[in-house]
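# Architecture and fold: a report
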Amino acid sequence: MPKLGMEPVRRKALVDAALKTIGSHGSLDVTMSDIAREAGVSPALAHHYFGSKQQLLIATIRSLLRELRRDAVTAIQQAHTPRERLSAVIRISFQANQFTPETVAAWLAFYVEAQRSEETRRLLVLYARRLHSNLMHALKQLAPAPQAARIAEGAAALIDGLYIRQSLRAAPLSIDASIALVEEYVTAQLTQFPQTSAPGEQA
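Residues numbered from 1 in each chain as written. Predicted model: local features only at pLDDT ≥ 70, side-chain atom pairs only at ≥ 80, totals over all residues. Heavy atoms only, no water.

### Here we look at the UniProt feature "domain: HTH tetR-type" (unreviewed entry) in the protein
Heads up, the rule is: UniProt positions are given in the numbering used here, feature names are shortened, and annotations may be inferred rather than shown by experiment. Each helix corresponds to a stretch of at least 4 residues labelled H or I by DSSP, and each strand to a stretch of at least 2 residues labelled E; elements are numbered beginning at the N terminus.
On the UniProt side, "domain: HTH tetR-type" (unreviewed entry) is annotated at positions that read residues 8-68 here. With 82% helix and 0% strand, residues 8-68 has its two end C-alpha atoms placed 20 Å apart.

### Thoughts on the UniProt feature "DNA-binding region" (unreviewed entry) in the protein
If you check UniProt for "DNA-binding region" (unreviewed entry), the listed places come out as residues 31-50 in our numbering. Secondary structure across residues 31-50 divides into 80% helix and 0% strand, with the first and last C-alpha atoms of the span separated by 13 Å.

### Notes on helix 6 (residues 101-113)
This is how it is decided: What a helix is expected to span follows from its residue count: subtract one and scale by 1.5 Å. Exposure classes here rest on a 1.4 Å probe applied to the protein chains alone. A residue is buried below 20% of its type maximum, exposed above 50%, and partly exposed in between.
Between its first and last C-alpha, helix 6 extends 18 Å over 13 residues, near the 18 Å set by a 1.5 Å rise per residue. Where helix 6 is concerned, the buried positions are Thr 103, Val 104, Ala 105, Ala 106, Trp 107, Ala 109, Phe 110 and Glu 113.

### Here we look at the nonpolar core
Soluble globular proteins tend to bury their nonpolar side chains together. The test is simple: Here, nonpolar core refers to any group of buried Ala, Val, Leu, Ile, Met, Phe, Trp, Tyr and Cys residues whose side-chain atoms link them within 4.5 Å. Every residue pair with non-hydrogen atoms within 4.5 Å of one another is taken to be in contact.
Counting residues in each nonpolar core, the largest one holds 63 residues, and the members touching the most others are Leu 86, Leu 135 and Leu 190. Here the element with the most residues in this core is helix 4 (residues 53-78); it accounts for 11 residues. Excluding anything up to four places from it in sequence, Leu 135 contacts Leu 86, Val 89, Ala 152, Ala 155 and Ala 156.

### Digging into the pattern of salt bridges
Selection criterion: Any carboxyl oxygen of Asp or Glu that lies within 4 Å of a side-chain nitrogen of Lys or Arg is treated as forming a salt bridge with it.
Summed over the entire model, instances satisfying the criterion amount to 9 salt bridges. Two residues, Glu 38 and Lys 20, come together in a salt bridge whose shortest N-O distance is 3.3 Å. Of this pair, Glu 38 sits in helix 2 (residues 32-39) while Lys 20 is found in helix 1 (residues 7-25), placing the two residues 18 residues apart along the sequence. On the basis of relative accessible area, Glu 38 is assigned to the partly exposed category, the value being 40%. When the shortest N-O distance is used, the salt bridge between Glu 119 and Arg 122 registers 4.0 Å.

### Focus: the environment of Pro 82
Considering the arrangement of structural elements, one finds Pro 82 in helix 5 (residues 82-93). Between the alpha carbons of Pro 82 and Ala 106 there is a distance of 32 Å; along the sequence they are 24 residues apart.

### Let's talk about the packing of aromatic side chains
The criterion, for reference: Each Phe, Tyr or Trp ring, with Trp reduced to its six-membered ring, pairs with another whose centre is within 6.5 Å; inter-plane angles below 30 degrees give stacked pairs, above 60 give edge-to-face pairs, and intermediate values give tilted ones. Any Lys NZ or Arg CZ found within 6 Å of a ring centre and within 35 degrees of that ring's normal is scored as a charge over the ring.
The tally for this structure, following the rule as stated, stands at 2 aromatic pairs. The rings of Trp 107, Phe 110 and Tyr 127 are connected pair by pair, giving a single aromatic cluster. Sitting over the face of the ring of Phe 50, Arg 11 holds its NZ or CZ atom 4.8 Å from the ring centroid.

And the structure:
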């Protein structure tokens, strides 16, 4: 029987191991035994905590989304103007722990799985909605709502596209270069609205 108090620790270890194993394989074609071996536990214990590989995969996606949400909330709270909040959302989307080769590969594998798994698709739609909502919250204070929505869609598309390009390991853009590209797009779109302040300026 698992030791009392160890369940949260082992659950996290299995989620971390799933992310690493999926990332190193570049697909979801892994077994519970592969993941359990990476986590240093038995396959039986992995099944005890998650029931099936699918449930462990869902828990892994949820863990990534929680981490992104927590970091986004912290960064947005530290910003003082709408333009700074917008930059915070962009910056968090490219934070270093989301840009490791294994994490990028895992995200791409999850997007493939979403074509046949409704629960996976629902979680990835949730991610897209949160990103759009965070962008819109700042942009609506910098531009009229219709234009803000268009800029948010463009920025989100750039963020997702640049993230996917990280899987092309031959010549990926750096984190700073990716952030700069999205910032340049947003700044160019906002120039038609004179009340817009640059990051760091009062609005």
